[in-house]
Amino acid sequence: GHCLPGWEHLNSTCYYFTMSEAIPLSSWKRSRENCIKQGADLAVIDSQEKQDFVTKAIQDLRYSPRSWHLTGFWIGLTDDHEEGNWKWLNRTKLIQGYWAPGEPNDSRNEDCAAIYSKNHPSDTWDPMANWNDAPCSFPLKWICEMKAVQ
Ligand code: 2F8
Ligand code: CA
């Protein structure tokens, strides 16, 4: 399949990462709306392969130094409807989450999930444990996905 320019390809899915400094950080809802405007939705990372792909992409593309909790990208995962019951936007229940140690902790009414890239050599960071729950209103980057064109 084919992806639009600027989108990355994995199997039959295309991914878009908001990497540019020019793109403002957004709440989870605004991020989702931005994806929908492009005929996409926030990314569903429901396999090891997708986790590996997305993790590598955000690591390769990381740019300015920011504190770790600002380096997140919203993904299509929320427990907004029921605390602790994480569901993907495609309504499937979360089976395997790649949460950072101690997460999800709902520390400040945190009902939306984000994936994080390493941005500093001193960060303790495990690519297979790089998700965090954050307040849905928090401004972050985001990852969209859509089906590749045949
Ligand atoms: O230490 C983990 C903790 O770090 C931040 O809070 C200080 C995160 N907050 C945001 O990203 C807004 C928490 O979600 C995270 O659990
Ligand atoms: Ca958290």
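See the structure above.
Residues numbered from 1 in each chain as written. Chains lettered and ligands numbered in written order. Predicted model: local features only at pLDDT ≥ 70, side-chain atom pairs only at ≥ 80, totals over all residues. Heavy atoms only, no water.

It is worth spelling out the site of ligand 1 at this point. Taken together, 11 residues surround ligand 1, and among them Glu 103, Asn 105, Glu 110, Asn 132 and Asp 133 come closest. Interatomic distance of 2.9 Å between a side-chain N/O atom of Asn 105 and an oxygen atom of ligand 1. Between ligand 1 and the protein, one listed contact pairs an oxygen atom with a side-chain N or O atom of Glu 110 at 2.5 Å. About the coverage of ligand 1: the protein hides 68% of its 400 Å² of free accessible area. Tallied by class, the residues present in the shell around ligand 1 amount to four nonpolar, three polar and four charged. (Near = heavy atom within 4 Å. Polar contact = N/O pair within 3.5 Å; in protein donor to acceptor, adjacent residues only side chain to side chain. Areas by Shrake-Rupley, 256 points an atom, 1.4 Å probe, with all protein chains shown as cover. Nonpolar A, V, L, I, M, F, W, Y, C, P; charged D, E, K, R; others polar.)

Our focus in this paragraph is helix α1 (residues 28-37). Buried within α1 we find Trp 28, Ser 31, Asn 34 and Cys 35. All buried residues of α1 project into a common sector of 120 degrees when viewed along the axis, lining one side. Summarising the geometry of α1, the exposed residues directed more than 90 degrees from the buried face are Lys 29 and Lys 37. Packed against the buried residues of α1 are β3 (41-42), β4 (72-78), β6 (112-116) and β8 (141-147). A positive phi of about 75 degrees marks Gly 39, the residue just after α1. (Buried < 20%, exposed > 50% of the residue type's maximum accessible area, 1.4 Å probe, protein only. Helix = DSSP H or I, 4+ residues; strand = E, 2+ residues; numbered from the N terminus. Arc of directions from axis to C-beta. Contact = heavy atoms within 4.5 Å.)

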